[in-house]
Amino acid sequence: MAPVALVDCNNFYASCERAFNPKLEGKPIVVLSNNDGCVVARSNEVKALGIPMGEPWFKVEKEAKRHGIVAYSSNYALYGDMSARVMGLLGRFSPRQEIYSIDECFLGLEGFGTRDLTAYCQTIRQQVRQGTGIPVSVGIAATKTLAKLANHVAKKRPGYDGVCDFGRLTSGELNTLLDEIGVSEVWGVGRRIARRLEGMDIATVQQLRSADCRWIRQQFSVALERTVSELNGIACIEIEEEAPNRQQIISSRSFGEPVETLQALSEAVCNYTTRAAEKLRSQGSVAGSIGVHILTNPFKPQDTQYQRSQMVPLPTPTDDTRQLAQAALRGLRHIFKPGFRYKKAGIMLLGLEPKAHRPRTLFDDPAADSRSARLMQVMDAINIRMGQDTLKIAANGIERSWKMRRGMQSPRFTTDWDEIPRIGAK
Amino acid sequence: MTSEKPTRGGSRPGAGRKPGSGRYGEPTQTLRLPVSSVPAVKDFLAAYQARHRPGRVPPAIGVFVPAQNPVRMKLPLFGARVPAGFPSPADDYMEATLDLNEYLVQDRHTTYFVKVKGHSMTGAGIFDGDMLVVDRALEPLPGKIIVAVVDGELTVKRLAFENGRTILQAQNPHFKDIVLKDTQELQCWGVVTSAIRKLV
């Protein structure tokens, strides 16, 4: 069976911050979500202190200060660029690569014959570490689900030195190892399923692996049955080299300060639409409808609460920022009510289909279509070259009083000329 | 008796084969030829027709058709476009633009740009405010200018090994070298591959 490797970056966001700031080596770091709301990434030192993932920052801020924890606002420009570098380097080690998330990818390792896969993956680790400063762990196994577990072992057990190949273990050794890992660590087993399994005395991976497939399908789902097969070394989930196009695109964010006017909400909605439309065009799709939603802050019970959403179908599917924004604003005007302190707004593009296959209507204007396509192309090209929002529709606004709070963001070390690292020559 | 136009017979507008629907795909016209040249003209027309048939598959060599998904390539702006008249002789010598990335960056995944603060490397032609191109994947060999981690800070120095010691040399007599202690391991962040200074 062709082995699969899962390469995962260790504490990716924290490692990105360290890559340009060696002083942070060995120091506890957290990265906070948008608007500095919750802890979304932790270095090992913070994990050891027992601060949980997703914890609201205001709750742990005092304790964190006492421990000398360094907090960063999330810096997605930096993380995105570093991810592209890591994935680019990893892609050189196998002709088959599936980028699964910002910090992990599967590599197909077939055709290596008797070559030592562990040594090969140590080379991968070393080269990624040297070229980007990001530490990675590698799990190797016969299936993707097992490779994920092997990765878990490689990361948690220092004896493996960052690379764990299940193929090197005897079946007895593998059974023992999998009996020490809880079912909740299995890829595809969510918290609820894990709890139900535990209630049925299936608490470890080894126990799940030995369960009867048919029974699992009856009690749970075909998906979990597939997971059990994968745990037994029967590959059911292929490596997908090309990410399937998204079925929907959501762009939504909380505001730094509460927003009360239709004007400010309109600007925000326009900006989110602009981002979403860029994604839409980059995957070559058009959207059939656009949804808008606005809400007040549910965590402020003293404020009067309001929340509405509105779908706006488009006359013909489009990828034109102007048409999408116009529809979104129409929806917003429909649901907006004055007198509330809005905390969040967002838009959602639905009914996505490839632009080439979109249905035509009697009222299509091919000349206008091609003008629109050219305009969007030029807009995207300029914004890619000169920076986001160099060219934008006027409704996006200029002041942006609603913009996110990012009080503790590190510089965009790799994506902005004004923010590249300063190196001492002293 | 009557001078009314006949309503039957005669030519009807729009009737008959559409112009351009014939074998050449364009309107044709009759022409008087000397009999001796008829075979030559027929041959020419047969070849012409073969070359211009729509949907024709081009022969394997000799004829170029545009690629289905052409790679984008920037071309120089001076590409001469003369609407009428003598074409620019330079057109035949046009090549792709020179790309500084290609010249300065060997591996874009491992290359970073950093800015110099300080004067300790002026002897190596590296001045305060210069931008350095740093490749983190390169091996720090003696004599190379590297970015090293010293006391948690990134510092640019020349790498040297003398009498078993690792030395981070300043390139300016007013600055001191850093000699690593025996227990200290060299922490190299990357190797400097070029220095860039804008003069305007």
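Above: the structure in question.
Reading the values: the criteria
Residues numbered from 1 in each chain as written. Chains lettered and ligands numbered in written order. Predicted model: local features only at pLDDT ≥ 70, side-chain atom pairs only at ≥ 80, totals over all residues. Heavy atoms only, no water. Helix = DSSP H or I, 4+ residues; strand = E, 2+ residues; numbered from the N terminus. Buried < 20%, exposed > 50% of the residue type's maximum accessible area, 1.4 Å probe, protein only. Polar contact = N/O pair within 3.5 Å; in protein donor to acceptor, adjacent residues only side chain to side chain. Contact = heavy atoms within 4.5 Å. Phe/Tyr/Trp six-rings, centres within 6.5 Å; stacked < 30°, edge-to-face > 60°. Lys NZ or Arg CZ within 6 Å of the ring centre and 35° of its normal. Salt bridge = Lys/Arg side-chain N within 4 Å of Asp/Glu carboxyl O. Nonpolar A, V, L, I, M, F, W, Y, C, P; charged D, E, K, R; others polar. Pairing = 2+ DSSP bridges. Axes fitted to C-alpha atoms, helices over the stretch in contact; angles between N-to-C directions. Core = buried A, V, L, I, M, F, W, Y, C linked by side-chain atoms within 4.5 Å. Left-handed = near helix turned anticlockwise from the far one by under 90°. Expected span 1.5 Å × (residues − 1). Arc of directions from axis to C-beta.

### Section: the side chain of lysine 144 of chain A
All names here are of chain A. Among the structural elements, lysine 144 can be located in helix α6 (residues 144–156). Here lysine 144 falls in the buried class, since its relative accessible area comes to 2%. Within the local environment of lysine 144, its side chain forms a polar contact with the backbone oxygen of glutamate 238, the two atoms lying 2.7 Å apart. Those residues in contact with lysine 144 that sit more than four places away from it in its chain are Val4, Glu98, Phe106, Trp187, Glu230, Ile237, Glu238, Ile239 and Glu240.

### Quick look at the packing of aromatic side chains
All names here are of chain A. Under the defined criterion, the tally for this structure stands at 18 aromatic pairs over all chains. Grouping aromatic residues by their ring pairs yields a cluster made of Phe12, Tyr13, Tyr76 and Tyr79. A cation sits over an aromatic face here: lysine 144 above phenylalanine 106, 4.7 Å from the ring centre.

### Section: unusual backbone geometry
If you check the backbone angles, asparagine 11 of chain A has positive phi at about 45° while not being a glycine. The phi dihedral of aspartate 151 of chain B falls on the positive side, at around 50°, and the residue is not glycine. Tracing the chain through its elements places aspartate 151 of chain B in the loop between β3 (145–150) and β4 (153–162). For aspartate 151 of chain B, a relative accessible area of 69% translates into the label exposed.

### Observations concerning the interface of chain B and chain A
Between chain B and chain A, the residue contacts involve 30 residues of the former and 23 residues of the latter. Counting the contacts that link chain B with chain A gives two salt bridges. Inspection of the chain B/chain A interface yields 20 residue pairs in polar contact (both at pLDDT 80 or more). Breaking the side of chain B that touches chain A down by element, the ones donating at least two residues are β1 (111–118), β3 and β4 of chain B. When its residues are assigned to classes, the side of chain B that touches chain A shows 14 nonpolar, eight polar and eight charged. Looking at chain direction, strand β14 (residues 422–425) of chain A and β1 of chain B are connected through four bridges and run parallel. Following the sheet pairing, alanine 425 of chain A is matched in β1 of chain B by glycine 118 of chain B.

### Let's talk about the pattern of salt bridges
All names here are of chain A. Tallied over the full model, the rule gives 23 salt bridges over all chains. For lysine 155, the salt bridge identified is with aspartate 8, shortest N-O distance 2.8 Å. Pair noted here: lysine 155 is in helix α6 and aspartate 8 is in strand β1 (residues 4–9), with a separation of 147 residues, a long-range link. What makes aspartate 8 buried here is its relative accessible area of 12%. Close ionic contact of arginine 125 with aspartate 161 constitutes a salt bridge, the shortest N to O distance being 3.6 Å.

### Concerning the sheet that holds strand β3 (residues 39–42) of chain A
All names here are of chain A. What the three strands build is an open sheet, ordered β3-β2-β4; its pairing is mixed. One side of each edge strand has no neighbouring strand; the edge strands of this open sheet are β3 and β4 (70–73). Taking each pair of neighbouring strands and ignoring which way they run, the sheet shows an average axis angle of 30°. In the packing of helix α1 (residues 12–19) onto the sheet, the strands contacted are β2 (29–32), β3 and β4, and the crossing angle to β2 comes to about 110°.

### With respect to the pairing of strand β10 (residues 285–296) of chain A
Residues and elements named next belong to chain A. Of all twelve residues in β10, ten are buried; the element is thus mostly enclosed. Two strands pair when backbone bridges link them, and β10 and strand β13 (residues 353–354) are joined in this way by two bridges, in the antiparallel orientation. In the sheet register, valine 286 faces β13, and the bridge partner there is glutamate 353. Taken together, the eight bridges between β10 and strand β11 (residues 307–318) define a ladder with antiparallel strand orientation. In the sheet register, isoleucine 294 faces β11, and the bridge partner there is arginine 308. Alignment of β10 against strand β12 (residues 342–350), held across eight bridges, turns out to be antiparallel. Across the sheet, residue glycine 291 finds its bridge partner in β12, namely methionine 348.

### Some words on the nonpolar core
In this structure, Met82 of chain A together with Trp189 of chain B are the most contacted members of the largest nonpolar core, which totals 53 residues. Sort the elements by how many residues they give to this core and helix α4 (residues 76–90) of chain A lands first, with seven residues. In this view, methionine 82 of chain A contacts Phe12, Cys16, Ala19, Phe20, Thr132, Ile134 and Thr414 of chain A together with Tyr112 of chain B; residues no more than four positions away in its chain are not counted. If you look at the next biggest cluster of nonpolar residues, it comprises 34 residues, including Phe255, Val259, Val269 and Phe340 of chain A.

### Some words on the packing of α4 of chain A against helix α5 (residues 117–132) of chain A
Residues and elements named next belong to chain A. Two numbers describe how α4 lies on α5: the axes approach to 10 Å, and their chain directions differ by 145°. Along this stretch, α4 crosses α5, giving a crossing that reads as right-handed. Seen from α4, the contacting residues are Met82, Arg85, Val86, Leu89 and Leu90; seen from α5, they are Ile124, Gln127, Val128 and Thr132. Here the residues of the contact of α4 with α5 sort into six nonpolar, two polar and one charged.

### Some words on helix α14 (residues 366–386) of chain A
Residues and elements named next belong to chain A. The terminal C-alpha atoms of α14, which comprises 21 residues, lie 30 Å apart, in line with the 30 Å expected from a rise of 1.5 Å per residue. Buried within α14 we find Ser372, Met376, Met379, Asp380 and Asn383. Angularly, the buried residues of α14 cover 95° about the axis, an arc narrow enough to put them on a single face. Exposed positions of α14 whose direction lies more than 90 degrees from the buried face are Pro366, Arg374, Gln377, Arg385 and Met386. Residues of α14 that are buried in the fold lie against α12 (262–282) and α13 (321–335).

### Describing the sheet that holds β1 of chain A
Residue and element names in this part refer to chain A. Taken in spatial order, the five strands make up an open sheet running β5-β6-β1-β7-β8, and their pairing is mixed. Edge positions in the sheet fall to β5 (97–101) and β8 (163–165), since each of these pairs with one other strand and no more. For this sheet the average axis-to-axis angle between neighbouring strands, irrespective of direction, equals 15°. Note: β5 against strand β6 (residues 104–108), four bridges, orientation antiparallel. Bridge pairing in β6 links glutamate 98 to phenylalanine 106.

### So, helix α7 (residues 171–178) of chain A
Residue and element names in this part refer to chain A. Taken residue by residue, α7 has Leu174, Leu177 and Leu178 as its buried positions. Along α7, the residues classed as buried sweep out an arc of 90° about the axis, all on the same side. Against the buried residues of α7 lie α6 and α9 (205–209).

### Points about the pairing of strand β7 (residues 136–141) of chain A
All names here are of chain A. The buried count for β7 comes to six of six residues, which makes it a mostly enclosed element. Along β7, one buried face is formed by Val136, Val138 and Ile140 and the opposite face, lined by Ser137, Gly139 and Ala141, is buried too. Relative to β7, β1 is paired through six bridges, and the arrangement is antiparallel. In the sheet register, alanine 5 faces β7, and the bridge partner there is isoleucine 140.

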